[in-house]
Each structure stands twice: as structure tokens, then as C-alpha cells.
Protein chains: 2
Amino acid sequence: MSTDAHPSRLPARPVGRVTITDVARAAGVSVATVSKVVNGRYGVATATAQRVLEVIADLGYETSLVASSLRRGRTDVVGILLAGFDPFATELLKGISAEAVGKGYELLAYSGAISDDNAVGWERRSLSRLGGTLIDGAIILTPTVSLAGTSVPVISVDPHTGSGGSHVVDSDNVEGARAATRHLIELGHRRIAHIRGRTDLESAHRREQGYRLSLAEAGIPFDPDLVRDGGYRAAWTTEPARELLTMPDRPTAVFAANDLSAFGVIEVAHELGMRVPHDLSVVGFDDIPEAASASPRLTTIAQPLQAMGARAVTMLFALLDGQEAETHVRLPARLVVRKSTSPPPVL
Amino acid sequence: MSTDAHPSRLPARPVGRVTITDVARAAGVSVATVSKVVNGRYGVATATAQRVLEVIADLGYETSLVASSLRRGRTDVVGILLAGFDPFATELLKGISAEAVGKGYELLAYSGAISDDNAVGWERRSLSRLGGTLIDGAIILTPTVSLAGTSVPVISVDPHTGSGGSHVVDSDNVEGARAATRHLIELGHRRIAHIRGRTDLESAHRREQGYRLSLAEAGIPFDPDLVRDGGYRAAWTTEPARELLTMPDRPTAVFAANDLSAFGVIEVAHELGMRVPHDLSVVGFDDIPEAASASPRLTTIAQPLQAMGARAVTMLFALLDGQEAETHVRLPARLVVRKSTSPPPVL
DNA sequence: ATGAAAGCGCTAACAA
DNA sequence: TTGTTAGCGCTTTCAT
């Protein structure tokens, strides 16, 4: 009801959400008036505003993001669309979050239900479901399809399609892969295998390209038999790694397209009784936090994930602000030498 | 795209979100029919459904989460409410995400705009803004206020208030802190300082309690001068750490209430020309991924963050499913000895 | 200064 | 089998 006997205590609020109607009723005004007070519009008597504010505090009312976003254009919320909260995504999130703090936007990281039938195109779906209503703009992590003609500004981080019409942040995959392979070559390896990433991703191609480039530079002939698909996942790497490590004249080193598949390779190597790096050198890519604590600690290529996230928000905010933003930002990737690489065994 | 001067994009552009009305018009049916098709309701002629489906595919229509959630009760989306995407939160997210996959729910991690005036009570605000409309239930990370009487099921992870009426997942902070302090004592330290966590958080009290307990067990008198507030943040730790390390008869070891403040302590120690662990031993708490790669690698208490996240979702799904769920799940924390602790220097 | 009413995109009764 | 209608909670004209 409108009067509570114990104003200092939490009042008996209506069951469920407190709506603007509840507030209006309790304050004895119309919902329009409450809305004006909440949004600081002019045309409300000070006394009325005062009373409404009290009721709001009393009832613990907060305007519903959903309802207001449906009515308003803006929400001051930016979405980060991702396929799941994996180490790659969470590192990016850290950078995004740190950069976004205090800029007046709220962050909403959204992971649609991933199942087999929406495994591809999740980003379009998520964007359609949220864009234009819930979020003012979006940062999409590793989109696999083109994002042309979206209803809100979009920044793609490490996208499959080159630029795909949207603004892009990525790191220099070719150079990174080249550095990784060169490191192995400089250690003395000649038979260097490569576990590919998801072949539908641009980054996977670029990493393979860097691998080949480095081989060519060292005059090592490319052997297609030493290249397998690992899909950027530890589990999918198991089989190809086993094939690679049990073949005659097996490779002495593996450049895996990302850290997760590098872990997969190391696991298989251990299963087969090999020691890393003594019997097999392994280089990853990404430098997720787990890479530093793995056993052995993983030599890998560090993508500046947090910096990439930070750049992405900066660009998005600029866009939302009606300003220009760079179309493509490419940050350098660098080799981090740890304990999973060493000179090849003397066979 | 030439008129950026006008921020108002009110006019209905032909290019923008595709709504159910667009689909209905294009298919020559009513919006109700489209809705039925989209939601697989009975009572639509096969031919009509076919045509509508085609138009939907053509236009790339997806139902708006916002609009449908406003109308429907359920959204099949669970919210993870957090103050920011810090290492603690992202580890939990990994566990949550891994456990939630394939369960038919979508995940929405929400970080409200953090500013000074809403620094406290953000969780209530976020919950009010999203609950009852956008999300079916919520997992709240480190809530600092009581969450009684919410409109949706809530699981609190590592909350300030004991149980606060809601379901809780946390780790054994007392035992963890006790193990940390005991480790230092066993190494031979006697003057062991403690950097407190945020004193408004339950976990901070429990960690101090474990510290005192361990001291008492070893017969070491408690010295209030050796306890300072660090607020769980590296920056806030700088001053108290400096005081501690420059005092006469300085401590030879510090048990910091979390890894972030342990880093703060180490930084100050380095500034003062001390080597860790040679001149000063430091133990943290949490075992965020950064702890393993820090220099020196940090001895700390590992909270099973991912497992905690996984348990939280499991409990929430049970609740949403109308089942019972444990009221309080407490997971064990364990000591991880790395390189930031050693016997005290011989003074 | 205030409130009535329209409508954002959608779903669910109910009619036709 | 279809369309009409009435809201979900909110903001925003436009009257009063």
C-alpha cells in the first residue's frame, strides 16, 4: 500500500519487480511524472519530485533496462558478443573493461546458447537479437561471418573475414607465426610440424602463411605431411598430434596455431612417453595466462590481448560519439620464449 | 554517411533492425502469424509457414530479446552480475561458461557503469535493471549488500554478507588463510604482517581470522601494528606496505589478503631494494592466473574459482528448474607454494 | 505542473 | 487458419 508503518525499514514491496506503476501509485502521481523525475526532466514541482524520490528509495526502484531500451533509442550499453568465456575472450574482456571504466557505458558480454545448429553465424544472431534495442554498439570477438549492414556500430576483433565492412582490431599473425617458426629453426630444428587453427578463420591462414614463409626463408622444403588441422582446440588436436608423433621420421618440433592446441600436442607427447622440450619442442600462439603456468611453461607468441580489447572499445566509443575511427588496427605479436622449446634431440 | 553533425537518428531508416512487422508486411501476413511461425506454435498452414520462413531467412530477421522478454516471462538467459571483468571474475566466468554450455541457457555477463556514487549497491541496481525482464536468474559475484527479496533466483559467489537469504558458493577462507600463515611460520618466520582485504567483505574478515588462528596455534602474539588495510587492490596496498616495510623491526613475511595486494607489496619491496623472497616472503590469496607468471612466481592460496563458477550455475539451473538446491556450498582452498616464500633472512 | 495516451517489438488471448 | 486486440514497462508528445 501507499503507507508503510516503518519507513526506515525495508518496506513490504510488491512481489516481483518494482515497476514504475508501483512507484506512481505509492507516490500518488502518474507514471509520466515518475518518469520525468527519474530522467531529470523539467516540469515537475520540487515538492512532487522530492516525494517521488523518497518513494523510489523506499521501494528500491530501478528503471528496467529492457523497457526503457525498447522505448528509447540509446541505452548506453555496449555489447561484447562472444562464443563462450574462454581464456582468449576473457583476456580481451579484461582490456575492454579496464578501458571502458568511467566512460559512462555499461558492459554486457553476451554468449548465445551454443549448439551444433547455431555454431556458425552466432554473431549475426546475437547481434540481431540485441542490436538496435539492448545495445548501442558491439564488439564482436572472432566473428566468422561478414558483418556488413548492421544496425549498430561494430568492431570486430580477430575476424575471419578480412575487414568485412566493419572496423577491425587484430594482431600481426603472419609476423607472429614467422617468428615462432624462425625460433624453432634457429634452435636447429628442420622437421617442424604445424597444427593448423580453424581453417575457416583468417587468422589460421595467416599463421600457416607465416610458418611457410619462415620455412622458405631458411630453405627448408615445405612438407604437406607435417601440417594437420587442430581447429584451435585441445581435444581436436589429439588425433592429428598422435599421427604426427608416431609417423616415421617424426617432427622434432611443432608450431601449434594456438596455445590450446599446443597443450593438446604436449599432452599427446607425454602419453607417448616423450618429454617436452627434450624430445619435442612445442610453440603455441596467443599467450593465454595458462601458457605461463603450464608444465612445461609454454613458449608462445603473445598477442597483446588486453591492448587489443582496449583499442576496440576506444574505437567503438569514438564511433558512438559520431567521430571517425581507424578502419583497421593491427597490433604487433611477439615471441615469448619459455620452457617448451630447446634444440632438437640428437637422433 | 555524410551528416554526422546531427546525433539524432530518430527517423525510421530503411536500413536498421528488421522487425517482425517488416517480415509480416513482406510475407503478406499479420505479425501474429509471423510470431506463431517463429515460436513454432500450431495453427499455421504449412504453405504460409513456408513463405514466412523464407522471408525471415531473406531479411535476416531475429526476434528481439528485449521485446520478447518484456512480453514473455522467461528469456532462457541467466545473468552474471559483476563489478568489472577482473581476473577473479573472468576465472569464475570460465567455469560458469564451461558448465552452462549445452544446457539451453544463454549467458549475459553484466557490468554496470561503475562510478563513485554507485560503487556500493551496484548489485542491487543491476539486478533490478535486469531481473524479472531480461534474465531468468542471476549469479552475483562478490555482492556487498544483502540480496533478500529478489524477483529472480540468485546465487551469490563469495558474498559479503554471510548467507543474506540467498544461495551461496564460496571457498574456505579461514582454512586457506590459516594454511598460508602456517606455511610462513613453518619456514621460520615470526614477524608476519597481514594486509587486510576490503573490510566490508566477509571474506576479508575470515582471512584475517585464519591468520590470527594460525598465529595463536604457534604461540606467536598478535601484533595489531602488523595488520594494515589493502582493500584487495594493488594501488591501495602501496602506502600500507611502505609503512610496514620501513618500520623498525619490520616483518620478514607478509600474508596479503589477495594476489592483487600481494603484487602491491612485492612492488613496494622492490622499490625499497628488497628481494623477494630473499629479504621478504609474500603469500597471496586467490591464485589468479597472473600469480603463476608473476616475478617471482607467487606463493598463494588457490580458490577453486572455475569449480566455484560451475557449482553456481548448477545450483542456479536447479533453482530455475523448480528443484531444490543446497543453500551453502563451500569449496576447499589450498596452498600453492611457488617462489615468493623462503626462510627469513638472518638479521 | 501534471496526466492521458500513443507506441517501441513482441506474444497470447480471443475472434472471425 | 488467420487476424485483431490487449498489454509487458517505459518515455514522450500533447492536452489539460
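Under an unreviewed UniProt entry, the name given to chain A is LacI family transcriptional regulator, and the organism recorded is Xylanimonas protaetiae.

Visitor: How would you explain the packing of helix H1 (residues 20–27) of chain A against helix H2 (residues 31–38) of chain A if you had to name every residue and give the values?
Guide: Each pair of packed helices can be summarised by the angle the axes make with each other and by the distance between the axes. All names here are of chain A. One way to put it is that H1 packs onto H2 with a least axis distance of 8 Å and a crossing angle of 105°. The orientation of H1 relative to H2 falls into the category roughly perpendicular. Seen from H1, the contacting residues are Ile20, Thr21, Val23 and Ala24; seen from H2, they are Val31, Val34 and Ser35. Class assignment for the residues of the contact of H1 with H2 results in 5 nonpolar, 2 polar and no charged.

Visitor: I'd like to hear about the protein's contact with DNA strand C, residue by residue, with values.
Guide: Close contacts around DNA strand C come from 25 residues, with Ala45(A), Thr48(A), Arg71(A), Ile20(B) and Arg71(B) the closest. Among the atoms of DNA strand C close to the protein, meaning within 4 Å, 61% are from sugar or phosphate groups. Between a phosphate oxygen of DNA strand C and a main-chain N or O atom of Ser30(A), the distance comes to 2.9 Å. Taking Ser64(B), its main chain carries an N or O atom lying 3.3 Å from a phosphate oxygen of DNA strand C. For the surface near DNA strand C, the elements supplying multiple residues, two or more each, are H2 and helix H4 (65–71) of chain A together with helix H2 (31–38) and helix H4 (65–71) of chain B. The element best represented in the surface near DNA strand C is H4(B), accounting for 4 residues. When the residues that make up the surface near DNA strand C are grouped by side-chain class, the tally is 10 nonpolar, 10 polar and 5 charged.

Visitor: Quick one: what's the story with the sheet that holds strand S1 (residues 77–82) of chain A, residue by residue and with numbers?
Guide: What the 12 strands build is an open sheet, ordered S11(A)-S5(A)-S4(A)-S3(A)-S1(A)-S2(A)-S2(B)-S1(B)-S3(B)-S4(B)-S5(B)-S11(B); its pairing is mixed. On the outer flanks of this sheet lie strand S11 (328–331) of chain A together with strand S11 (328–331) of chain B, each paired with one strand and no other. Shown here is a sheet whose adjacent strand axes are inclined to one another by a mean of 15°, direction ignored. Bridge count for strand S4 (residues 154–157) of chain B against strand S5 (residues 167–171) of chain B is 3 bridges, and the pairing is parallel.

Visitor: I'd like a rundown of the packing of aromatic side chains, residues and numbers included.
Guide: All names here are of chain A. All chains considered together, the criterion is met by 6 aromatic pairs over all chains. Seen from their ring centres, tyrosine 105 and phenylalanine 317 are 4.6 Å apart, and the 15° between their planes marks the pair as stacked. Here phenylalanine 317 lies in helix H12 (residues 305–320) and tyrosine 105 lies in the loop between helix H5 (87–100) and strand S2 (106–111), a separation of 212 residues in the sequence. Using a relative accessible area of 12% as the deciding quantity, one classes phenylalanine 317 as buried. Between tyrosine 211 and phenylalanine 222, the aromatic rings sit 6.4 Å apart at their centres with planes inclined by 75°, giving edge-to-face as the arrangement. Taken as a pair, tyrosine 211 in helix H8 (residues 202–217) and phenylalanine 222 in the loop between H8 and strand S7 (227–229) lie far apart in primary sequence, 11 residues in all. For tyrosine 211, a relative accessible area of 1% gives the class buried. Exposure remark for phenylalanine 222: the relative accessible area of 31% places this residue in the partly exposed category. The ring of tryptophan 236 has arginine 233 lying over it, and the distance from NZ or CZ to the ring centre is 4.1 Å.

Visitor: Got a sec to walk through the domain arrangement of chain A? Specific residues and values, please.
Guide: Domain annotation for chain A reports domain 1 (20–63), domain 2 (74–171 + 305–327) and domain 3 (173–303). Centre-to-centre separation of domain 1 of chain A and domain 2 of chain A, based on C-alpha positions: 35 Å.

Visitor: Any details on the protein's contact with DNA strand D? Residues and values, ideally.
Guide: In the vicinity of DNA strand D there are 26 residues, among which Ile20(A), Arg71(A), Gly43(B), Thr48(B) and Arg71(B) approach most closely. Of what DNA strand D places within 4 Å of the protein, 58% of the atoms are sugar or phosphate. Measuring from a phosphate oxygen of DNA strand D, one finds a side-chain N or O atom of Ser35(A) at 3.0 Å. Side-chain polar atom of Thr33(B) to a phosphate oxygen of DNA strand D: 2.9 Å apart, as the coordinates give it. Taken together, the elements giving at least two residues each to the surface near DNA strand D come down to H2 and H4 of chain A together with H2 and H4 of chain B. Sort the elements by how many residues they give to the surface near DNA strand D and H4(A) lands first, with 4 residues. Tallied by class, the residues present in the surface near DNA strand D amount to 10 nonpolar, 10 polar and 6 charged.

Visitor: Before we move on, can you summarise the UniProt feature "domain: HTH cro/C1-type" (unreviewed entry) in chain A with the specific residues and values?
Guide: UniProt's entry tags residues 19–59 of chain A with the feature "domain: HTH cro/C1-type" (unreviewed entry), counted in the numbering of this structure. As a span, residues 19–59 of chain A carries 73% helix and 0% strand, and end to end its C-alpha atoms are 10 Å apart.

Visitor: Now, about the interface of chain B and chain A: what can you tell me, with residues and values included?
Guide: Contact residues are listed per partner, giving 46 residues for chain B and 46 residues for chain A. Carbon and sulfur atoms supply 58% of the area buried between chain B and chain A, which totals about 4,000 Å² over both sides. Summed over the shared surface of chain B and chain A, the result is 8 salt bridges. In this structure, Glu106(B) and Arg129(A) form a salt bridge, with 3.8 Å as the shortest nitrogen-oxygen distance.

Visitor: So what's going on with the packing of helix H9 (residues 234–246) of chain B against helix H10 (residues 259–271) of chain B? Which residues, and what values?
Guide: Residue and element names in this part refer to chain B. Look at H9 against H10: their axes get within 8 Å of each other, and the N-to-C directions meet at 50°. Taken as axis vectors, H9 and H10 run oblique relative to one another. With respect to the hand of their crossing, H9 and H10 are arranged in right-handed fashion. Residues Ala234, Thr237, Thr238, Ala241, Arg242 and Leu245 of H9 form the contact with H10, whose participating residues are Leu260, Ser261, Gly264, Val265, Val268, Ala269 and Glu271. Each residue belonging to the contact of H9 with H10 can be placed in one class, and the counts come to 7 nonpolar, 4 polar and 2 charged.

Visitor: Give a description of the sheet that holds strand S9 (residues 281–283) of chain B that names residues and reports values.
Guide: Residue and element names in this part refer to chain B. On the basis of which strands lie adjacent, the open sheet formed by 4 strands has the order S7-S6-S8-S9 and parallel pairing. Two strands lie at the open edges of the sheet, namely strand S7 (227–229) and S9, each paired on one side alone. Between one strand and the next, the sheet's axes are offset by a mean angle of 20°, whatever the strand orientation. Pairing of strand S6 (residues 192–196) with S7, which is carried by 3 bridges, proceeds in the parallel orientation. Residue pairing for S7: arginine 196 is matched across the bridge by aspartate 229. On top of the sheet, helix H7 (residues 173–187) reaches S6, strand S8 (253–256) and S9; it is set at about 170° to S8, its chief contact.

Visitor: Lay out the side chain of Arg178(B) with the relevant residues and their values.
Guide: Position of Arg178(B) relative to the elements: it lies in helix H7. Side chain to side chain, Arg178(B) and Glu217(B) meet in a polar contact 2.6 Å long.

Visitor: Report on the environment of Gly230(B), specifying residues and quantitative values.
Guide: All names here are of chain B. If you trace the backbone, glycine 230 turns up in the loop between S7 and H9. Linking glycine 230 and glycine 264, residues 34 residues apart in sequence, is a C-alpha distance of 8.9 Å. Filtering out sequence-adjacent residues up to four positions away, glycine 230 remains in contact with Ile195, Arg196, Trp236 and Thr237.

Visitor: Which residues make up the side chain of Asn258(B), and what values go with them?
Guide: Note that Asn258(B) resides in the loop between S8 and H10. On the accessibility criterion, Asn258(B) (5% relative accessible area) is buried.

Visitor: Outline helix H1 (residues 20–27) of chain B, listing residues and values.
Guide: Residue and element names in this part refer to chain B. Three or more residues of H1 are buried, namely Val23, Ala24 and Ala27. Looking straight down H1, one finds that the buried residues subtend no more than 100° of arc, so they occupy a single side. Within H1, the exposed residues directed more than 90 degrees away from the buried face are Arg25 and Ala26. On the buried face of H1, the contacting elements are H2 and helix H3 (46–59). Positive backbone phi, approximately 70°, marks glycine 28, located one or two places after H1.

What counts and how
Throughout this description, residue numbers start from 1 for each chain and increase along the sequence as written. As they are written, the chains are lettered A onward and the ligands numbered 1 onward, keeping that order. Reporting in this predicted model follows two pLDDT cut-offs: at least 70 for local features of residues, and 80 or more for side-chain atom pairs to be given and counted; totals over whole chains, interfaces and linings ignore these cut-offs and use all residues. Calculation of side-chain values draws on the structure's entire complement of heavy atoms; hydrogens and water are dropped beforehand. Lines fitted to C-alpha atoms define the axes here, with helix axes fitted over just the stretch in contact, and angles between the N-to-C directions of these axes take values from 0 to 180 degrees. Numbering of helices and strands runs from the N terminus, with a helix taken as a DSSP run of H or I at least four residues long and a strand as a DSSP run of E at least two residues long. An angle counts as roughly parallel when it lies under 35 degrees, as roughly antiparallel when it exceeds 145, as roughly perpendicular when it falls between 65 and 115, and as oblique in every other case. Residue contacts follow a heavy-atom distance rule, with two residues in contact if any of their heavy atoms lie within 4.5 Å. Gly counts as polar in this scheme, as do all residues outside two lists: the nonpolar Ala, Val, Leu, Ile, Met, Phe, Trp, Tyr, Cys and Pro, and the charged Asp, Glu, Lys and Arg. Throughout this document, a residue counts as near a molecule or strand when at least one of its heavy atoms sits within 4 Å of that molecule or strand. We define a polar contact as two N or O atoms separated by no more than 3.5 Å, with the added condition that, inside protein, one atom must be a possible hydrogen donor and the other a possible acceptor, whereas residues neighbouring each other in sequence contribute only through side-chain atom pairs. For two strands to pair, DSSP has to find at least two bridges joining them. Pairing of aromatic side chains requires ring centres within 6.5 Å, counting the rings of Phe and Tyr and the six-membered ring of Trp. Pairs whose planes differ by under 30 degrees are stacked, by over 60 edge-to-face, and all others tilted. For every residue, the accessible area obtained with a 1.4 Å probe (protein chains only) is divided by the maximum for its type, and the residue is called buried under 20%, exposed over 50%, and partly exposed between those limits. Any Lys NZ or Arg CZ that is within 6 Å of a ring centre and within 35 degrees of that ring's normal is treated as a charge sitting over the ring. Domain start and stop positions are those given by an automatic or database domain assignment. UniProt positions are given in the numbering used here, feature names are shortened, and annotations may be inferred rather than shown by experiment. Summed over both partners, the accessible area lost on bringing two parts together, with a 1.4 Å probe, is the buried area. Put simply, a salt bridge is a Lys or Arg side-chain nitrogen that is within 4 Å of an Asp or Glu carboxyl oxygen. Each helix crossing is assigned a hand: it is left-handed if the near helix lies turned anticlockwise from the far helix by less than a right angle, otherwise right-handed if that turn is clockwise. The arc in question is formed by the directions pointing from the helix axis toward the C-beta atoms.

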